[in-house]
Amino acid sequence: MFGFIIQHILSHLPVWFWPSVAGSGLLVYFLSGFLTRFPGLKIYKWLFKPLGLVIFVFGIFMFGGAGVTAIWQEQIKEAQSKVDAAVVASKSANTKLDQVRKQKNKVIVQRQVVIHERIVQDAAKMDATCKVDPVAIKDLNDAAINPESKK
Amino acid sequence: MKYLLPILLLVGCSSVRPPVVVSAPWPDVPPSMMEACPDLLPVDTKTDKLSDVVDTVSKNYTQYYLCAGKIDDWNNWYNTQKKIYESTRK
């Protein structure tokens, strides 16, 4: 949770923040001689230079980190836009696939209707010359049953 | 040489950069492809007409072609979706 809060604060800092921290560090470093002229600050003479350097180094480090984070965020945005485009393409492909299948099924069913009409027409001729034994029908029906299907 | 430290510090953060992971959602499947293939139609056992047998067999042929179409669709769907998914990873 603490890490998340820190991350959240860091990600909302303006671009100029860390360069200014580094700049402030440099200012403290270079103006350390001048600052020690103030009576109240004289006792901290030993502190200004190392403190300025530390602030400068920290500012530069964080500026680098912010830059890298910005690049990373840009890459995430780019990847997300690719994913969004893929979702649209996927839905479009599914719609096309569905339409093509409906058309193909229509052709198959139409063909079945034509064949059925032909069988009806030829039924008298077929039935006059051939009588099917019940055993043949039983064998055919048994062959039509899928042994793996649930009963 | 004196600028080396700041430059090193600037690039130092890039070495701990996490990889960019944005996962694409699992693609939808058209509902018609999810329907199971029906069982084959049996011939009426009370009939002895060849025309009835031929008619049932031809209907089963139709069912086969409709079901085979679904298999083609699954292959087609897989290949298309795979291509789309791979395009997100380039």
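Residues numbered from 1 in each chain as written. Chains lettered and ligands numbered in written order. Predicted model: local features only at pLDDT ≥ 70, side-chain atom pairs only at ≥ 80, totals over all residues.

Student: Pulling in residues and values, what's your account of the overall build of chain B?
Tutor: Secondary structure summary: chain B contains 3 helices and 0 strands in total. For chain B, the N- to C-terminal ordering of α and β elements is α-α-α. For chain B, the proportion of its 90 residues judged to be buried stands at 11%. (Helix = DSSP H or I, 4+ residues; strand = E, 2+ residues; numbered from the N terminus. Buried ≥ 20, exposed ≤ 12 C-beta atoms within 10 Å, placed from the backbone.)

Student: Just give me the short version of the overall build of chain A, but keep the residues and values in it.
Tutor: Per the secondary structure count, chain A includes 5 helices and 0 strands. The order of α-helices and β-strands along chain A, N terminus first, is α-α-α-α-α. Counting only C-alpha atoms, chain A reaches 130 × 30 × 15 Å along its principal axes. Classification of the 151 residues of chain A by burial places 11% in the buried group. Long-range pairs, those at least 24 residues apart, make up 69% of the contacts in chain A between residues at least 6 apart in sequence. (Contact = placed C-beta atoms within 7 Å.)

Student: Which residues make up the interface of chain A and chain B, and what values do they have?
Tutor: On the chain B side, the residues contacting the 46 residues of chain A number 44 residues. If you list the elements that add at least two residues to the side of chain A that touches chain B, you get helix H4 (45-129) and helix H5 (134-144) of chain A. In terms of residues, the side of chain A that touches chain B owes the most to one element, H4(A), which gives 35 residues. Classifying every residue of the side of chain A that touches chain B by side-chain character gives 26 nonpolar, 12 polar and 8 charged. (Nonpolar A, V, L, I, M, F, W, Y, C, P; charged D, E, K, R; others polar.)

Student: How would you explain the nonpolar core if you had to name every residue and give the values?
Tutor: One recurring pattern in soluble globular proteins is that nonpolar side chains are buried together. Counting residues in hydrophobic clusters, the biggest one holds 6 residues: A:Ile119, A:Ile137, B:Val43, B:Leu50, B:Val53 and B:Val54. Setting aside anything within four residues of it in sequence, one finds B:Val54 in contact with A:Ile119 and A:Met126. (Core = buried A, V, L, I, M, F, W, Y, C linked by C-beta atoms within 7 Å.)

Student: Pulling in residues and values, what's your account of helix H2 (residues 17-30) of chain A?
Tutor: An α-helical turn contains 3.6 residues, so a residue and the one three or four places further along point in the same direction. Helix length check: H2(A), at 14 residues, gives a terminal C-alpha distance of 20 Å against a target of 20 Å (1.5 Å per residue), a fit within 8%. Summarising the contacts, the buried residues of H2(A) are in contact with helix H3 (32-35) and H4 of chain A. (Expected span 1.5 Å × (residues − 1).)

Student: Explain the environment of B:Leu66 residue by residue, including any values.
Tutor: Note on placement: B:Leu66 falls in helix H3 (residues 50-87). Every residue in contact with B:Leu66, bar those within four places of it in the chain, is listed here: A:Asn105 and A:Ile108.

Student: With reference to specific residues and values, describe the environment of B:Tyr61.
Tutor: Residue and element names in this part refer to chain B. Residue position: Tyr 61 is located in helix H3. Using a count of 15 C-beta atoms within 10 Å as the deciding quantity, one classes Tyr 61 as partly exposed. Along the sequence, Tyr 61 and Ile 71 sit 10 residues apart, while their C-alpha atoms lie 15 Å from each other.

Student: Tell me about the packing of H4(A) against H3(B), and name the residues and values.
Tutor: Interhelical geometry of H4(A) versus H3(B) gives an angle of 170 degrees and a closest axis separation of 9 Å. Of the possible angle classes, the one that applies to H4(A) and H3(B) is roughly antiparallel. When the axes of H4(A) and H3(B) are compared, the crossing they make is right-handed. Its residues assigned to classes, the contact of H4(A) with H3(B) comprises 17 nonpolar, 12 polar and 6 charged. (Axes fitted to C-alpha atoms, helices over the stretch in contact; angles between N-to-C directions. Parallel < 35°, antiparallel > 145°, perpendicular 65-115°, else oblique. Left-handed = near helix turned anticlockwise from the far one by under 90°.)

Student: Can you explain the confidence of the model for chain B? Please cite residues and give values.
Tutor: Residues and elements named next belong to chain B. Of all residues in chain B, 78% attain a pLDDT of 70 or more, and the chain-wide mean is 85. Element-level mean pLDDT values for chain B span from 60 in helix H1 (residues 4-12) up to 95 in H3. Taken over the whole predicted complex, pTM reads 0.71, whereas the ipTM for its chain interfaces reads 0.76. (pLDDT = per-residue confidence, 0-100.)

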